[in-house]
Amino acid sequence: MEARRGVKRKAKWILFGVEVAVILGMLVVLYLVMSRPSEGPRMVELDPQVLEIHEEVRQLKEEGGTMLGYRNIALFGLDAETDNQLFGSSHSDSIMIASINLDTGDIKLVSVYRDTYLNLGGEEDDEHWKYWKATQAYFYGGAEQAVKMLNRNLDMDITDFAAVGYKGLRGVIDGLGGIYIDVDEEERKHLNNYQIGVSAVLKCDYTPVEETGYQLLNGLQATAYCRIRATAGDDFKRTARQREVLKAIEAQAKKTDLVTLTKVFNDCIGDIYTSLDSGDILALLADIGKYSIVEEGGFPKKELRTTGNLGSKKSCVIPLDLEANVVWLHQFLFDDEGYSVTENVKEYSRQIAEDTSPYLMK
């Protein structure tokens, strides 16, 4: 048991996220080691007691059940156009869970589709957004509300998060000298169109991508690639691109020297909003090469989801059976073949079915 606790202390955190959120992680560890103690990301401490971790989940983990030996971190990519929007009033266009196996160093990534119809934890007298798109949780209640949303709907135990906007993503990729992505013709056209909007937000020039194939993309081009939604697959394909960019940055970061990594984060660290403690991050440095992304997926699962227009709540991704999706998620992330969901998830599953079935029957 003492050895396991030692591993946990050593491996509490290793990455951030894309579309703007998930890709900062492998680098921030190295930056913090080299930087002055007063420097670092915009930090906030979340109180685990208010993050709506189900008591059944706590007890099960304490008794050696699901999630024991794993650390789960929420990764938010925001459409924030100002620094203040990192804290709220922006949508989390990218929502991911990074689950780290503390014994093996394996990381599994799951994208929670931004338009997934879930219980957002709104006030009892505000029915309009109590159940709505997952992306709305960050808009109304910032990172804390978004983490609550993940815990309550997915039987998770998340207490930490990392979030960034366009500026942080572009800066990291440019600092690394770009990343290599395989771009097809349909993606190339939309990538260039999305560059126009992102460059307007960042107030910078852009360079059109002229060719298809495996090639080096700069920060603005890669950010626009993450934004592509108007191709076959829509948002489902977009989340796959986001994970592709994350893996490309992971590969590039592992080839980059410490001096370059330090410069990257001297330029970008102020654009990160996180609950992660720098002491925990420092503990990872010695074993940074141990970690690798081994599997990825999307929630809800393909066979257990549909899409539909829910009136005033517009087009949503609908879990056909939230309970079955959560069982699948725990099997995928934690190899738990016999997981039983909490009563809360069963209740949410019933309510989602009741809310959406009239629209799906039309």
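Everything discussed here concerns the structure shown above.
**Quick notes on the overall build of the protein**
The secondary structure content of the protein amounts to 13 helices and 13 strands. For the protein, the residues scored as buried account for 55% of the 362 residues in total. Looking at the protein alone, contacts between residues at least 24 apart form 73% of all its contacts between residues at least 6 apart.

**Examining unusual backbone geometry**
That bond from Phe299 to Pro300 is cis: its omega, 5°, falls within 30 degrees of zero. You can see Pro300 is positioned in the loop between β11 (292-299) and β12 (305-309). For Lys314, which is not glycine, the phi dihedral falls at a positive 65°. Take Lys314: it is sitting in the loop between β12 and β13 (315-319).

**Here we look at a nonpolar patch on the surface**
On the surface, a cluster of nonpolar side chains totalling about 340 Å² of accessible area is made up of Tyr180, Tyr214 and Leu216. Tracing the backbone shows Tyr214 in strand β9 (residues 213-217). Look at Tyr214 and you get exposed, because its relative accessible area is 61%.

**Here's the deal with the pattern of salt bridges**
Enumeration according to the criterion identifies 20 salt bridges in this entry. In this structure, Glu185 engages Arg188 in a salt bridge whose closest nitrogen and oxygen atoms are separated by 3.0 Å. Residue Glu185 and its partner Arg188 are located together in helix α7 (residues 185-202), separated by three residues, close to a single helical turn. Since its relative accessible area comes to 36%, Glu185 is described here as partly exposed. For Arg188, a relative accessible area of 15% gives the class buried. We note a salt bridge from Glu296 to Arg243, for which the minimum N-O separation is 2.6 Å. Taken as a pair, Glu296 in strand β11 and Arg243 in helix α9 (residues 234-254) lie far apart in primary sequence, 53 residues in all. With a relative accessible area of 28%, Glu296 lands in the partly exposed category. Exposure remark for Arg243: the relative accessible area of 7% places this residue in the buried category.

**As for the nonpolar core**
In this structure, Phe76, Leu150, Leu154, Met156, Phe161 and Phe299 are the most contacted members of the largest nonpolar core, which totals 50 residues. Ranked by residues supplied to this core, first place goes to helix α5 (residues 136-154) with eight residues. Membership of the second largest hydrophobic core comes to 21 residues, among which are Val209, Val245, Ile249 and Leu261.

**Topic: the pairing of strand β7 (residues 160-164)**
Here β7 lies mainly inside the structure; five of its five residues are buried. Where burial is concerned, the two faces of β7 agree: the one with Asp160, Ala162 and Val164 and the one with Phe161 and Ala163 are both buried. Inspection of the sheet shows strand β2 (residues 70-78) paired to β7 by five bridges, in the parallel sense. Across the sheet, residue Ile73 finds its bridge partner in β7, namely Asp160.

**Quick look at helix α6 (residues 166-175)**
Turning to α6, its buried residues number three or more, namely Tyr166, Gly168, Leu169, Val172 and Ile173. A positive phi of about 90° marks Gly177, the residue just after α6.

**Some remarks on the packing of helix α8 (residues 219-227) against α9**
Viewed as axis vectors pointing N to C, α8 and α9 meet at an angle of 150°, and their least axial separation amounts to 7 Å. Within the contact between the two elements, α8 uses Ala222, Tyr225, Cys226 and Arg227 and α9 uses Arg238, Arg241, Gln242, Glu244 and Val245. Grouping the constituent residues of the contact of α8 with α9 by class yields four nonpolar, one polar and four charged.

**Some details on the packing of aromatic side chains**
Taken as a whole and assessed by the stated rule, the structure comprises 11 aromatic pairs. Here Trp328 and Phe332 contribute two aromatic rings whose centre-to-centre distance is 5.5 Å and whose plane-to-plane angle is 20°, an arrangement assigned as stacked. Taken as a pair, Trp328 and Phe332 lie in helix α12 (residues 322-334) at a separation of four residues, close to a single helical turn. Pair check on accessibility: Trp328 and Phe332 agree, each one buried. Linked through ring pairs, Phe76, Phe87, Tyr138, Phe161 and Tyr273 together constitute an aromatic cluster. It is Arg241 that lies over the ring of Tyr225; its NZ or CZ is 6.0 Å from the centre. Above the plane of the ring of Phe236 lies Arg305, whose end atom (NZ or CZ) is 3.8 Å from the centre.

**Here's the deal with the environment of Arg229**
Considering the arrangement of structural elements, one finds Arg229 in the loop between α8 and α9. What makes Arg229 partly exposed here is its relative accessible area of 29%. Each C-alpha atom of the pair Arg229 and Thr239 lies 9.1 Å from the other, and the pair is 10 residues apart in sequence. Every residue in contact with Arg229, bar those within four places of it in the chain, is listed here: Arg114, Asp115, Tyr194, Asp234, Asp235 and Arg238. Among the polar contacts made by the side chain of Arg229, one reaches the side chain of Asp115 at a distance of 2.7 Å.

**Regarding the side chain of Thr116**
Looking at where Thr116 falls in the secondary structure, it is placed in the loop between β4 (106-112) and β5 (117-119). Using a relative accessible area of 0% as the deciding quantity, one classes Thr116 as buried. Of the polar contacts made by the side chain of Thr116, one reaches the backbone oxygen of Tyr113; its length is 2.7 Å.

The rules behind each value
- Sequence order as written defines residue numbering, which begins from 1 separately in each chain.
- Thresholds applied to this predicted model are a pLDDT of at least 70 for local features of residues and 80 or more for the giving and counting of side-chain atom pairs; totals over whole chains, interfaces and linings are not thresholded and use all residues.
- The side-chain numbers reported here are obtained from all heavy atoms of the structure, hydrogens and water having been left aside.
- Each helix is a run of H or I in the DSSP string that is no shorter than four residues. Each strand is a run of E no shorter than two, and both are numbered from the N terminus.
- Summary of the burial criterion: residues with accessible area below 20% of their type's maximum are buried, those above 50% are exposed, and those between are partly exposed, where the area comes from a 1.4 Å probe applied to protein chains only.
- The criterion used for residue contact is that any of the two residues' heavy atoms lie within 4.5 Å.
- Patch definition: residues with relative accessible area over 30% and no salt bridge; like charges joined within 9 Å; nonpolar side chains (Val, Leu, Ile, Met, Phe, Trp, Tyr) joined within 5 Å.
- Here the open area of atoms and residues is found with the Shrake-Rupley method and a 1.4 Å probe, where only the protein chains shown may cover a residue.
- Salt bridges are defined as contacts in which a side-chain nitrogen from Lys or Arg sits within 4 Å of a carboxyl oxygen from Asp or Glu.
- What we call a nonpolar core is a set of buried Ala, Val, Leu, Ile, Met, Phe, Trp, Tyr and Cys residues that are connected through their side-chain atoms within 4.5 Å.
- By the convention used here, strands pair only if DSSP detects at least 2 bridges between them.
- Angles here are taken between N-to-C directions and fall from 0 to 180 degrees, while the axes themselves are lines fitted to C-alpha atoms, restricted in helices to the stretch in contact.
- Polar here means any residue outside two lists: the nonpolar Ala, Val, Leu, Ile, Met, Phe, Trp, Tyr, Cys and Pro, and the charged Asp, Glu, Lys and Arg; Gly therefore counts as polar.
- Only rings of Phe, Tyr and Trp enter the pairing, Trp through its six-membered ring, and a pair is recorded when the two centres are within 6.5 Å. The plane angle decides the type: under 30 degrees is stacked, over 60 is edge-to-face, the rest tilted.
- When the NZ atom of lysine or the CZ atom of arginine is within 6 Å of a ring's centre and also within 35 degrees of its normal, the charge is said to sit over that ring.
- Polar contact criterion, stated in full: a pair of N or O atoms within 3.5 Å, where within protein one must be able to donate a hydrogen and the other to accept it, and residues adjacent in sequence count only if both atoms are side-chain atoms.

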